[in-house]
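Take a look at the letters that make up each chain.
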Amino acid sequence: MKIAKYFNSACILLICIILVSALYFQFGLHEEPCPLCLLQRMAMMGVIIGLSLNIYFGFDTNHFSIVIISALIGALFSVRQIMLHICPVAAGESTGYGSPIFGMHLYSWGALIFMASILGSALFLFSGDRFKPGLNHSVLKFEKYVVYLATLVVFINVVATFFECQFGPCCENGPCV
């Protein structure tokens, strides 16, 4: 069960790395996120919440349900964005939004991460006989630090989104019309 706890924490760290990378694209490379990108970030935050609940309250099917629902919603946003950019608009124009990483755009990587989250949660749920909430549940220091880091990353993303959108809708390429 200790391996499962470390794997759960590693998944949180992976999503934190993705969210920090998205912030680097936003502030370091000055590539403003589109509304679909922000929705994908929110879905990743939902995945983090479900995995964090596993840390503090023990592995539970309800927590994995949060992960799966968040990942399904995020996958829908990712696939929607992929579909928007799948065909070239005009000859010579870029077919993607933002800079690619290893040949794929962030939303394509997002779709893969969301699918991996669903698959990983399903695999954990197959071993459901090991879920005994409340029995000898302890939180490792490493897990606490992972949740603290995840909370900080989520907070920074929320603040960055607020400063971009304020209380209104977030619009691509300038103010909403």
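It should be noted that the structure appears before, not after, this text.
Each chain carries its own residue numbering, running from 1 in the direction its sequence is written. Whole-chain, interface and lining totals are the exception, using all residues; otherwise, since this is a predicted model, local features are given only for residues with pLDDT of at least 70 and side-chain atom pairs are given and counted only at 80 or more. To obtain the side-chain values, all non-hydrogen atoms of the structure were included, while hydrogens and water were left out.

Asks: Could you give an account of the packing of helix H2 (residues 35–57) against helix H3 (residues 61–84), naming the residues involved and the relevant values?
Replies: Axes here refer to lines fitted to C-alpha atoms; in helices the fit is confined to the stretch in contact. Angles between the N-to-C directions go from 0 to 180 degrees. Where helices and strands are cited, they refer to DSSP runs of H or I of at least four residues and of E of at least two residues respectively, numbered from the N terminus. At their nearest, the axes of H2 and H3 sit 8 Å apart, and the two run at 165° to each other. Compared by their axis directions, H2 and H3 come out roughly antiparallel. Handedness of the H2/H3 crossing: left-handed. Residues Leu36, Cys37, Leu39, Gln40, Ala43, Gly46, Val47, Gly50, Leu51, Leu53, Asn54 and Phe57 of H2 lie in contact with H3, whose contacting residues are His63, Phe64, Ile66, Val67, Ser70, Ala71, Gly74, Phe77, Ser78, Arg80, Gln81 and Leu84. We call two directions roughly parallel when the angle between them is under 35 degrees, roughly antiparallel when it is over 145, roughly perpendicular when it lies between 65 and 115, and oblique otherwise. For any helix crossing, the convention is left-handed if the near helix is rotated counterclockwise from the far helix by under a right angle, and right-handed if that rotation is clockwise. Whether two residues are in contact is decided by their heavy atoms, any of which lying within 4.5 Å being enough.

Asks: Tell me about the packing of H2 against helix H5 (residues 141–165), residues and numbers included.
Replies: To characterise two packed helices, one gives the angle between the axes of the helices and the distance between these axes. Where H2 contacts H5, the axes come no closer than 11 Å and their chain directions differ by 155°. Between H2 and H5, the crossing angle belongs to the class labelled roughly antiparallel. Remark: the crossing between H2 and H5 carries left-handed chirality. Contacts from Leu38, Arg41, Met45, Ile48, Ser52, Ile55 and Tyr56 in H2 reach Glu143, Lys144, Val147, Tyr148, Ala150, Val154, Asn157, Val158, Thr161, Glu164 and Cys165 in H5. Throughout this entry, Asp, Glu, Lys and Arg are counted as charged residues, while Ala, Val, Leu, Ile, Met, Phe, Trp, Tyr, Cys and Pro are counted as nonpolar. The remaining residues, Gly among them, count as polar. Class assignment for the residues of the contact of H2 with H5 results in 11 nonpolar, three polar and four charged.

Asks: Quick one: what's the story with the environment of Ile113, residue by residue and with numbers?
Replies: Mapped onto the fold, Ile113 is located in helix H4 (residues 106–126). A relative accessible area of 17% means that Ile113 is categorised as buried. Taking the C-alpha atoms as reference, Ile113 lies 8.9 Å from Met44; in sequence the two are 69 residues apart. Once residues within four sequence positions are removed from consideration, Ile113 is found in contact with Leu14 and Ile18. The buried label goes to any residue with under 20% of its type's maximum accessible area, the exposed label to any with over 50%, and the partly exposed label to all in between, with areas taken from a 1.4 Å probe on protein chains only.

Asks: Lay out H2 with the relevant residues and their values.
Replies: Given a helix with a known number of residues, its expected span is that number minus one, times 1.5 Å. For H2, which comprises 23 residues, the first-to-last C-alpha distance of 33 Å matches the rise-based estimate of 33 Å (1.5 Å per residue) to within 8%. Gly58 occupies a position one or two residues after H2 and carries a positive phi of about 90°.

Coordinates in, geometry out; function isn't part of it.
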